[in-house]
Amino acid sequence: MQLYGMDRELIEIYNLHNIESIKLWDLVLNGTGKLVVVPTLLVTYDGGKYLNLSAKDKNFKVFVQKVVEVYNNEKDNLLEDGLTDPFKLRPRINIDDKTKEILLSGRLEEINEIYSFYDGKDSYDSSLLFQTDEVKLLLPMIKYHIKKFYEFTNRVVTFDEEVSGYRDNYVLYGQVDGIEVNINLQFNKIDSDEYEIYVGGLNTKNEPLGIKIKFSKEAISIELIIPSYKLVSSSLYHITKGAPKETYEIKKDGIPVVYEDRDLEVTSNEWENIANLDYDSNLTWYRLPWGSLYGVSNQIQEISETEKIVKVHNMYIDVNSDAFSRREYFAKTYIRNKTVAVDAHEMVLDEVRKTINGVCLSPTNGIYVIETGFTDKVLGGLGYYDDKLKNRYYYHLEQSSKGIKGISRDSLRTVRKEDNVLQASDMLNKAQMLRLVKGEQDGNI
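Residues numbered from 1 in each chain as written. Predicted model: local features only at pLDDT ≥ 70, side-chain atom pairs only at ≥ 80, totals over all residues. Heavy atoms only, no water.

Caption draft 1: Expanded view of the environment of valine 199. Tracing the chain through its elements places valine 199 in strand 8 (residues 194-200). The sequence separation of valine 199 and glutamine 186 amounts to 13 residues, and the corresponding C-alpha distance is 6.5 Å. The contacts of valine 199, once residues within four sequence positions are left out, are Ile146, Ile183, Asn184, Leu185, Pro208, Leu209 and Ile211. (Helix = DSSP H or I, 4+ residues; strand = E, 2+ residues; numbered from the N terminus. Contact = heavy atoms within 4.5 Å.)

Written as structure tokens, this is what we have:
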């Protein structure tokens, strides 16, 4: 047996206590003929020990988080009590105003709200939901963009509501030029935010229509491709100047033949209960063409003439009769603008990506299972995200007589492993799910 020890520097960081002073300063590097300013944090603690890390050090994010955590715990406490320091020779933590403002602007209150609902709850290392549920939630988007594409051709494509199939292969039903057809759909999930889909039965050359869907930090993109016709259509719903826009383009042989550019419609959110399912969100909402919602909030906090904190937050919500999906992205970034003397610098203070999917297990009893998954596609996540949430799945149950409208944070029932819910098939045991949602097995909300 071989034992792997923890990084020695991490051990020192996790043991940080009795902070005496905190100083955020600039480490100036000279590279390729230019000055580069890198944020650097110096902390003295516990009788003269010190740690000094810059943004270029691998443990800097964890260090910042730990310093903020300990500072908030110790800031109102004297380092010595009245007996050991009667003349108050040991002051409170020494921190200048600029350091405090910059450091605490990265305290991650918003992220803590996003995280705190799941703190201490059982998590799973893989999804317990079935692929069919995910496919059905993507179908309104898929159908809309197929129909929109064919509006610019001499073919008319319509869809029925019915869908069948499982495990990568599905059948949609509809009409092409008024003739009933079975439309084959091959589904490939690349990761939590990206899909490739091939749709057969629509083209005269019997060639499948390729569809690529991607949810990125500040955009949703949908691309349709028919190689033999050298046709590509691109739909982009992206955030620009704080508000989402829709851009649509069709290219033939690489030459644009269709182009549209419009602002998305501001709307109210009829699904506030889903947007606020695990914390209170505050976003401006826009209506997407297929009926889904896109919530956006961009904030800029000026720290100095050259420094600022930028917060980007967006949320996608899609709801159908018996299921819903919510995708969320949040990032907080420290930015130093370029000046005559130094280059610009950008550092992600924290970042989160998560997806919440809700599926009706029993329409008769109104039982829903709700899955929250945290992706590993995060480069700026701090220690808590990396240690506790990345690649983890959390589950809750709800019984609602009002359908999805009746789902509420206050009545969710947490699923735990001791409830004998260990794999996807356990979710199909309706009797067990009913007992759990009623609290008949030990547990709490």
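Caption draft 2: Highlighting the nonpolar core. Grouped together as the largest cluster of nonpolar side chains are 41 residues, with contacts concentrated most on Ile146 and Ile211. Counting 28 residues, the second largest nonpolar core, distinct from the first, contains Ile114, Leu293, Tyr368 and Tyr394. (Core = buried A, V, L, I, M, F, W, Y, C linked by side-chain atoms within 4.5 Å. Buried < 20%, exposed > 50% of the residue type's maximum accessible area, 1.4 Å probe, protein only.)

Caption draft 3: Focus on the layout of surface pockets. Size it by volume and the largest pocket reaches roughly 610 Å³. For the largest pocket, the lining is made up of 26 residues, of which Lys136, Leu137, Val163, Asn320 and Asp322 are closest to its centre. Mapped onto the lining of the largest pocket, the elements with two or more residues apiece are helix 5 (131-150), strand 5 (157-166) and strand 20 (345-362). The element that contributes the greatest number of residues to the lining of the largest pocket is helix 5, accounting for 9 residues. Looking at the lining of the largest pocket residue by residue, the class counts come to 16 nonpolar, 3 polar and 7 charged. (1 Å grid on protein atoms, 1.4 Å probe; cavity = no way out; pocket = protein on both sides within 12 Å on 5 of 7 lines; lining within 4 Å. Points joined across faces, edges and corners; volume = space filled by probe spheres on them. Nonpolar A, V, L, I, M, F, W, Y, C, P; charged D, E, K, R; others polar.)

Caption draft 4: Layout of the packing of aromatic side chains. Inspection of every chain in the model, using the stated rule, returns 12 aromatic pairs. On the basis of an interplanar angle of 70° and a centroid distance of 6.5 Å, the ring pair of tyrosine 115 and phenylalanine 374 is categorised as edge-to-face. Pair noted here: tyrosine 115 is in helix 4 (residues 109-116) and phenylalanine 374 is in strand 21 (residues 367-374), with a separation of 259 residues, a long-range link. Taken together through their ring pairs, the aromatic side chains of Tyr115, Phe117, Tyr118, Phe374 and Tyr394 make up a single cluster. Above the plane of the ring of phenylalanine 215 lies arginine 327, whose end atom (NZ or CZ) is 4.1 Å from the centre. The side chain of lysine 417 reaches across the aromatic face of tyrosine 124, ending 5.4 Å from its centre. (Phe/Tyr/Trp six-rings, centres within 6.5 Å; stacked < 30°, edge-to-face > 60°. Lys NZ or Arg CZ within 6 Å of the ring centre and 35° of its normal.)

Caption draft 5: Inspection of empty space enclosed by the protein at higher detail. Per the counting criterion, the structure on display carries 3 cavities of 30 Å³ or more. The computed volume of the largest cavity comes to approximately 70 Å³. Lining the largest cavity, in full, are Glu134, Leu137, Leu138, Tyr316, Asp318, Ser325, Arg327 and Asn357. Listed by contribution, the elements that provide at least two residues to the lining of the largest cavity are helix 5, strand 17 (307-319) and strand 18 (323-336). It is helix 5 that provides the largest number of residues to the lining of the largest cavity, a total of 3 residues. Within the lining of the largest cavity, the residues separate by chemical class into 3 nonpolar, 2 polar and 3 charged.

Caption draft 6: Representation of the sheet that holds strand 10 (residues 219-226). Read across the open sheet, the 9 strands follow the order 5-6-7-8-9-10-11-12-13; overall the sheet is antiparallel. In this open sheet, the two edge strands, each paired with only one partner strand, are strand 5 and strand 13 (255-263). The mean angle between the axes of side-by-side strands here comes to 20°, regardless of whether they run parallel or antiparallel. Examined bridge by bridge, strand 10 and strand 11 (residues 231-240) share 8 bridges and lie antiparallel to one another. Looking at strand 11, one finds that isoleucine 220 is bridged to tyrosine 237. The sheet contacts of helix 5 involve strand 5, strand 6 (169-176), strand 7 (179-191), strand 8, strand 9 (209-216), strand 10, strand 11, strand 12 (243-252) and strand 13, and relative to strand 5 the element is tilted by about 155°. (Pairing = 2+ DSSP bridges. Axes fitted to C-alpha atoms, helices over the stretch in contact; angles between N-to-C directions.)

Caption draft 7: Quick look at the pattern of salt bridges. In total, this model carries 21 salt bridges according to the counting rule given. Note that aspartate 177 and arginine 155 form a salt bridge whose closest N and O atoms lie 3.5 Å from each other. Of the two residues, aspartate 177 sits in the loop between strand 6 and strand 7 while arginine 155 sits in the loop between helix 5 and strand 5, which places them 22 residues apart along the sequence. The partly exposed category is assigned to aspartate 177, whose relative accessible area is 39%. A salt bridge links aspartate 419 to arginine 413, with the nearest nitrogen and oxygen atoms 3.4 Å apart. Its relative accessible area of 0% is what places aspartate 419 among the buried residues. By relative accessible area, arginine 413 is classed as buried at 4%. Ionic contacts of the salt-bridge type, sharing partners, join the residues Lys148, Glu246, Glu260 and Arg262 into one network. (Salt bridge = Lys/Arg side-chain N within 4 Å of Asp/Glu carboxyl O.)

Caption draft 8: Region of the structure containing the pairing of strand 13. For strand 12 and strand 13, the ladder comprises 8 bridges, and the chain directions are antiparallel. Bridge assignment links lysine 252 to a residue of strand 13, and that residue is isoleucine 255. Here strand 12 folds back onto strand 13 in antiparallel fashion, the turn holding 2 residues, of which aspartate 253 has a positive phi close to 60°.

So, to be careful, I would describe these as geometric facts and stop short of saying anything about function.
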